[in-house]
Amino acid sequence: MNNRILGGGLLPGSAAVFDSSVNQLHPHFRSLAAAPSTAGLDPDHQIGSLFAPSSGTIATSDDEDHFPSPAGDENDHECHSLPASDAGGSNKASPWQRMKWTDEIVRLLISVVAYVGDHDDGALETFDRSSVAKWKYGATLQKKGKWKTVSKLMLEKGCYVSPQQCEDKFNDLNKRYKRLNEILGRGTTCHVVENPLLLDSMHHISPKSKDDVRKILSSKHLFYREMCAYHKGQKMPNSHDVNLQICPVPKLAPPSSLMEDEEEDEAEGNDIGDHDEWSYELGKKGFESFRVEIDGVLRDTTKSPWEQWEWFKRRALQLEEERVDVEAEALELEKRHFKWQRFRSKKDWELERLRLENDRLILENECMILQVRQKELELNIRWSRDPLDSAGRRMEGELLILWIGSRKPNLPSSPPPPYRVQGGRRSTTGIRAQGDLLSGGASALADGAHLTQNEAILCSNRQQPSNEVDSDENIQAAEIDKRIAQETKAEQHIHKLLLLGAGESGKSTIFKQIRLLFQTGFDEAELRSYTSVIHANVYQTIKVLYDGAKELAENEPNSLKYVVRSDNKEIGEKLSEIGSRMNSPCLTKEIAKEIATLWNDTAIQETYSHGNILQVPDCAQYFMENLERFSEVNYIPTKEDVLHARVRTTGVVEIQFSPVGESRKSGEVYRLYDVGGQRNERRKWIHLFEGVTSVIFCAAISEYDQMLFEDDTKNRMMETKELFEWVLKQSCFEKSSFMLFLNKFDIFEKKVHRVPLDVCEWFKDYQPMGSGKQEVEHAYEFVKKKFEELYFQNSKPDCVDRAFKIYRTTALDQKLVKKTFKLVDETLRRRNLIEAGLL
Ligand SMILES: Nc1nc2c(ncn2[C@@H]2O[C@H](COP(=O)(O)OP(=O)(O)OP(=O)(O)O)[C@@H](O)[C@H]2O)c(=O)[nH]1
Ligand SMILES: [Mg+2]
């Protein structure tokens with residue numbers, strides 16, 4: 001082993017390192033350096049003597065690939081020794097000789113750099129060390145000083161390398177080390193260094209990066225383990241220099257790096273912890289050696305008292321310098337502490353900002369929810385005000401029930417006003433009662449809607465802050481609940497009757513009869529409001545017949561009989577056009593005459609006899625027979641006219657009545673609900689299914705040969721059958737009585753003579769019997785039996801004892817309807833008594 005190179009001892013005159021620069025080194029190194037000196041020598045001279053060339057230096061370069069040197073000046077990869085002739089430094093050429101970077105020298109370099117750390121030894125030479133301010137002179141000077149010190153120490157170990165060479169070489173090593181860690185990660189790199197073949201199995205690393213790694217691994221001077229030890233502040237592996245084996249002076253990271261590299265900060269944080277322990281140990285050792293050193297000097301008989309005094313003086317100065325160093329270090333730590341605090345407060349501020357941003361998003365979200373709620377309320381209110389859409393048609397919408405969530409609106413507790421068909425009025429239960437409208441736009445029902453108190457409150461709530469709205473809503477809700485409870489109690493005795501059935505089965509006609517029979521009936525204004533409805537019915541009837549005749553004339557084999565007389569065709573076209581208008585004109589005498597002329601056309605009469613395949617209204621005959629009266633200038637519809645008028649029901653209409661009389665004391669009180677029976681209206685029924693005393697199911701038995709208005713491929717009787725089955729299966733009606741009205745018997749009794757029952761699929765097994773009245777009775781009983789069977793087939797065993805009655809009805813026949821309702825009333829009262837255990 002080459003002692004000179006490996007620092008087995010100091011070079012001659014090395015005691016002169018007992019100069020100020022070396023004194024900035026770690027105490028251990030100082031003790032190493034503080035060998036017996038040749039006192040009184042000129043320090044400069046001594047330093048100069050240190051640069052004396054070593055006979056053992058090698059002037060060859062063997063370094064291979066490297067990272068570019070930032071300076072690019074001196075021989076980057078070779079050590080140089082100082083030529084003897086230039087020892088005095090007079091030669092302007094490079095004072096360093098070329099020297100090979102052997103493994104030992106590189107290890108020594110790493111050990112020395114680790115040992116020196118980032119101390120600003122060289123730089124401190126340039127200014128007053130006691131000045132803390134100057135300590136902050138700058139990173140460059142600090143760096144320069146560091147490399148000077150490293151160079152000097154290398155020199156003392158027999159390696160003549162310039163500060164720049166040391167810096168470049170070390171930077172090369174450091175860059176390789178960092179690049180490897182960057183690509184492979186700290187934990188993995190050491191394994192790959194040990195076994196480079198591992199790299200092949202690392203599929204997550206790109207081929208280019210793998211190439212880089214291989215290149216670095218193949219470099220002669222990687223010294224990964226040593227660099228690891230350097231970075232971790234551990235003992236230098238393979239270092240035989242006991243003085244350099246110990247941990248390096250803790251590094252003080254450049255302040256600028258503090259916030260740039262948090263990982264470094266963390267590492268440094270750990271270093272600091274280790275360093276405290278380490279410096280305590282070193283401090284103890286240093287103190288011991290210092291005492292030994294003092295004892296040695298005092299006991300040294302070769303030293304004169306003056307020399308001893310000089311020694312103490314110098315030592316005092318050293319200690320002073322050390323103190324300044326420590327103070328500087330403390331200040332640096334303080335600085336880092338402030339920086340850390342600044343960093344932390346910045347992060348705190350960022351967190352606060354994020355928190356505020358989060359709060360803002362929550363508020364925005366709440367705001368959007370409130371806006372949606374507001375729109376919802378606006379829509380509800382608009383809907384309640386105007387059930388007609390912009391085209392003037394009634395919207396086929398939901399029930400006009402103004403519920404807020406599950407709450408009922410403000411409900412009047414006083415007895416309800418009598419129901420009036422004209423105008424959609426709020427009923428006692430808050431359901432907006434809608435009169436019927438023709439699609440032709442007899443919009444007599446659009447009344448100026450009055451907002452309930454509740455709605456008004458809802459409107460005004462829009463201007464209030466949300467918490468006020470909430471509390472108002474809560475008060476309102478409580479009030480509503482209270483009223484509902486009161487009303488429920490007050491209405492316990494009221495029986496709920498539900499009119500159900502397919503379209504045109506006669507529900508509304510029954511409903512009208514109830515008004516006529518058990519209420520005040522229609523006043524003049526209401527009767528007048530039916531004028532436009534009846535006129536529209538007339539136009540529609542003649543249009544259906546004329547258009548039907550044309551169609552039959554085109555498609556039927558015996559088509560001539562459907563061909564309208566040529567002089568009636570113009571009238572027919574005109575009336576057909578009027579009939580298709582949304583707003584048909586008032587029926588004048590002139591038009592009525594034309595209609596009568598067309599009606600009497602044999603082709604139209606022939607078509608009327610085939611009305612079952614067209615959608616000819618049941619009351620066509622009635623309308624045509626009363627044309628003259630309808631067209632009078634002061635025409636006021638009669639009760640019969642109103643009963644015959646056809647208006648498709650949309651929504652729900654209700655009425656409260658007592659069959660015996662208007663006094664509640666004289667009989668049961670019923671609340672009757674009429675609904676739309678066409679397919680698109682049925683989805684609204686479900687809202688009314690709760691607490692129904694009795695379902696009155698209307699089935700138009702005359703319709704067994706007709707097709708649905710909504711679907712001309714579906715037989716009306718089959719539709720009724722399926723609908724009745726569905727209603728029977730509803731669990732809500734398990735306890736409800738069923739009153740089946742086999743309606744339109746007047747049409748049925750005429751039809752059965754002409755049209756056999758078995759045209760309907762359901763009645764396929766009908767066997768006609770007798771003639772005249774007997775035939776009718778037989779047919780009726782057959783139909784009735786069919787419905788009975790259907791009832792029992794679709795009632796659960798525990799429901800079969802619910803009241804079920806079948807009534808033969810003609811809704812236009814007032815006496816019959818009255819009689820029927822008395823029977824219904826009796827049945828239901830009896831049922832009540834049975835349920836109450838009184839019968
Ligand atoms: N001849 C005759 N016509 C009836 C009878 N019952 C109802 N009508 C007529 O049949 C047509 C339809 O009757 P509506 O009471 O409107 O039928 P609806 O069941 O209310 O129909 P939707 O409202 O569509 O469900 C009207 O023109 C009534 O005059 C009846 O027993 N005999
Ligand atoms: Mg109706």
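Everything quoted here is computed from the prediction, not taken from an experiment. (Residues numbered from 1 in each chain as written. Chains lettered and ligands numbered in written order. Predicted model: local features only at pLDDT ≥ 70, side-chain atom pairs only at ≥ 80, totals over all residues. Heavy atoms only, no water.)

**A few points about the pairing of strand β3 (residues 494–501)**
The side chains of a regular strand alternate, first on one face of the sheet and then on the other.
Part 1 of the reasoning: Most of β3 is tucked away, with 8 of its 8 residues classed as buried.
Part 2 of the reasoning: Relative to strand β5 (residues 669–675), β3 runs parallel, the two sharing 6 bridges. Across the sheet, I494 pairs through a bridge with V669, a residue of β5.
Part 3 of the reasoning: Strand direction decides the pairing type here: β3 and strand β6 (residues 694–700), joined by 5 bridges, are parallel. Pairing of L498 across the sheet is with V695, part of β6. (Buried < 20%, exposed > 50% of the residue type's maximum accessible area, 1.4 Å probe, protein only. Helix = DSSP H or I, 4+ residues; strand = E, 2+ residues; numbered from the N terminus. Pairing = 2+ DSSP bridges.)

**Considering unusual backbone geometry**
Part 1 of the reasoning: One non-glycine residue, E504, lies in the positive phi region at around 65°.
Part 2 of the reasoning: Residue position: E504 is located in the loop between β3 and α18 (507–518).
Part 3 of the reasoning: Even without glycine at this site, K744 takes up a positive phi of about 60°.
Part 4 of the reasoning: Within the secondary structure layout, K744 lies in the loop between β7 (737–743) and α28 (745–754).

**Quick word on the packing of aromatic side chains**
The geometry of an aromatic ring pair is captured by the separation of the ring centres together with the interplanar angle, meaning the angle of the planes.
Part 1 of the reasoning: Tallied over the full model, the rule gives 34 aromatic pairs.
Part 2 of the reasoning: With centroids separated by 4.9 Å and ring planes inclined at 75°, the aromatic side chains of F170 and Y230 adopt a geometry described as edge-to-face. Here Y230 lies in helix α11 (residues 224–232) and F170 lies in helix α8 (residues 163–184), a separation of 60 residues in the sequence. Y230 matches F170 in its accessibility class, with the two residues each being buried.
Part 3 of the reasoning: Aromatic pair F745 and Y780: ring centres 5.5 Å apart, planes at 90°, arrangement edge-to-face. (Phe/Tyr/Trp six-rings, centres within 6.5 Å; stacked < 30°, edge-to-face > 60°.)

**With respect to the UniProt feature "binding site: Mg(2+)" (unreviewed entry) in the protein chain**
Part 1 of the reasoning: UniProt marks S508 and T649 with the feature "binding site: Mg(2+)" (unreviewed entry), using the numbering shown here. Spanning 142 residues, the named residues nonetheless gather at one spot, since no C-alpha pair among them exceeds 7.6 Å.
Part 2 of the reasoning: Here S508 shows up in helix α18.
Part 3 of the reasoning: Given the relative accessible area of 14%, S508 is considered buried.
Part 4 of the reasoning: By secondary structure assignment, the location of T649 is in the loop between α26 (639–644) and β4 (652–657).
Part 5 of the reasoning: In this structure the side chain of T649 is engaged in a polar contact, spanning 2.8 Å, whose partner is the side chain of S508. (UniProt positions renumbered as here; feature names shortened; annotations may be inferred. Polar contact = N/O pair within 3.5 Å; in protein donor to acceptor, adjacent residues only side chain to side chain.)

**As for the nonpolar core**
Part 1 of the reasoning: Counting 44 residues, the largest nonpolar core has L500, F724, F748, L757 and F763 as its most contacted members.
Part 2 of the reasoning: Per element, the largest residue contribution to this core is 8 residues, and it comes from helix α29 (residues 772–793).
Part 3 of the reasoning: Membership of the second largest hydrophobic core comes to 40 residues, among which are A114, M202, I205 and I216. (Core = buried A, V, L, I, M, F, W, Y, C linked by side-chain atoms within 4.5 Å.)

**What to know about the coordination of the magnesium ion (ligand 2)**
Part 1 of the reasoning: Taken together, S508 (OG) and T649 (OG1) make up the full set of protein donors to the magnesium ion (ligand 2), lying 1.9 to 2.1 Å away. On the criterion of sequence distance, the pair formed by S508 in helix α18 and T649 in the loop between α26 and β4 is long-range, its members being 141 residues apart. With respect to class, S508 is no different from T649; both count as buried. (Donors = N, O, S within 2.8 Å, 3.2 Å for Na, K, Ca; no water.)

**Thoughts on the sheet that holds β6**
Part 1 of the reasoning: Strand order across the open sheet formed by 6 strands is β4-β5-β3-β6-β7-β8, with mixed pairing between neighbours. If you trace the sheet from one side to the other, it starts and ends with β4 and β8 (804–808), each paired once. Each strand axis lies, on average, 20° off the axis of its neighbour in the sheet, ignoring direction.
Part 2 of the reasoning: Relative to β7, β6 runs parallel, the two sharing 7 bridges. Paired with A700 across the two strands is N743, which belongs to β7.
Part 3 of the reasoning: Of the strands in this sheet, β3, β4, β5, β6, β7 and β8 touch helix α30 (residues 814–835), which is tilted by about 165° from β7. (Axes fitted to C-alpha atoms, helices over the stretch in contact; angles between N-to-C directions. Contact = heavy atoms within 4.5 Å.)

**Focus on the site of ligand 1**
Part 1 of the reasoning: Lining the immediate environment of ligand 1, one finds 25 residues, of which E504, K507, T509, L643 and G677 sit closest.
Part 2 of the reasoning: With respect to ligand 1, the side chain of S508 contributes an N or O atom lying 2.9 Å from an oxygen atom.
Part 3 of the reasoning: For ligand 1, an oxygen atom lies 2.8 Å from a polar atom in the backbone of L643.
Part 4 of the reasoning: Burial of ligand 1 by the surrounding chains reaches 98%, relative to a free accessible area of 640 Å².
Part 5 of the reasoning: Going through the elements one at a time, α18, α26 and α28 are the ones with two or more residues in the shell around ligand 1.
Part 6 of the reasoning: Considered class by class, the residues forming the shell around ligand 1 number 8 nonpolar, 11 polar and 6 charged. (Near = heavy atom within 4 Å. Areas by Shrake-Rupley, 256 points an atom, 1.4 Å probe, with all protein chains shown as cover. Nonpolar A, V, L, I, M, F, W, Y, C, P; charged D, E, K, R; others polar.)

**Let's talk about α30**
Part 1 of the reasoning: Compared with the 32 Å implied by 1.5 Å per residue over 22 residues, the 31 Å span of α30 between its first and last C-alpha is a close match.
Part 2 of the reasoning: Buried within α30 we find V817, T820, F821, V824, D825, T827 and L828. Along the axis of α30, the buried positions cluster into a sector of 165°, meaning they face one direction only. Residues of α30 that are exposed and angled more than 90 degrees away from the buried face: K815, K819 and R830. (Expected span 1.5 Å × (residues − 1). Arc of directions from axis to C-beta.)

**Some remarks on the packing of α8 against helix α9 (residues 186–194)**
Part 1 of the reasoning: The geometry of α8 relative to α9 is characterised by a closest axis approach of 7 Å and an angle of 110° between their N-to-C directions. For the element pair α8 / α9, the angle class is roughly perpendicular. Along the contact surface, α8 presents L180, N181 and L184, while α9 presents R186, T188, T189, V192 and V193.
Part 2 of the reasoning: In terms of residue class, the contact of α8 with α9 is built from 4 nonpolar, 3 polar and 1 charged. (Parallel < 35°, antiparallel > 145°, perpendicular 65-115°, else oblique.)

**Section: the pairing of β4**
Part 1 of the reasoning: Of all 6 residues that make up β4, 6 are buried, and the element is covered over most of its length.
Part 2 of the reasoning: Burial along β4 is two-sided: the residues V652, E654 and Q656 and V653, I655 and F657 are all buried.
Part 3 of the reasoning: Relative to β5, β4 runs antiparallel, the two sharing 6 bridges. Counted as the bridge partner of V652 is V675 from β5.

**Focus on the pattern of salt bridges**
Part 1 of the reasoning: Enumeration over the complete set of coordinates arrives at 41 salt bridges.
Part 2 of the reasoning: Here R323 ties to E327 by a salt bridge, and the two come within 2.4 Å at their closest N and O atoms. Of the two residues, R323 and E327 are both situated in helix α15 (residues 305–385); the distance of 4 residues between them amounts to about one turn of the helix.
Part 3 of the reasoning: The exposure class of R323 is partly exposed, given its relative accessible area of 40%.
Part 4 of the reasoning: Across the salt bridge formed by K684 and E681, the nearest N and O atoms sit 2.9 Å from each other. Note on accessibility: K684 and E681 belong to one class, buried.
Part 5 of the reasoning: Put simply, E504, D618, E703, R716 and K744 are held in one network by salt bridges that share partners. (Salt bridge = Lys/Arg side-chain N within 4 Å of Asp/Glu carboxyl O.)

**As for the environment of M739**
Part 1 of the reasoning: With respect to the helices and strands, M739 occurs in strand β7.
Part 2 of the reasoning: Note: C-alpha distance between M739 and C698 (41 residues apart in sequence) is 8.5 Å.
Part 3 of the reasoning: Excluding residues within four positions of it along the chain, M739 makes contact with S694, V695, I696, F697, K805, Y807, V824, T827 and L828.

**Thoughts on the packing of helix α4 (residues 103–116) against α8**
Part 1 of the reasoning: Running from N to C, α4 and α8 point in directions that differ by 95°, and their axes come no closer than 11 Å. It follows that α4 is roughly perpendicular to α8 by the angle criterion. Taken together, the residues of α8 that come into contact with α4 (itself represented by V106, L109, I110 and V113) are C166, K169, F170 and L173.
Part 2 of the reasoning: In the contact of α4 with α8, the residues fall into 7 nonpolar, no polar and 1 charged.

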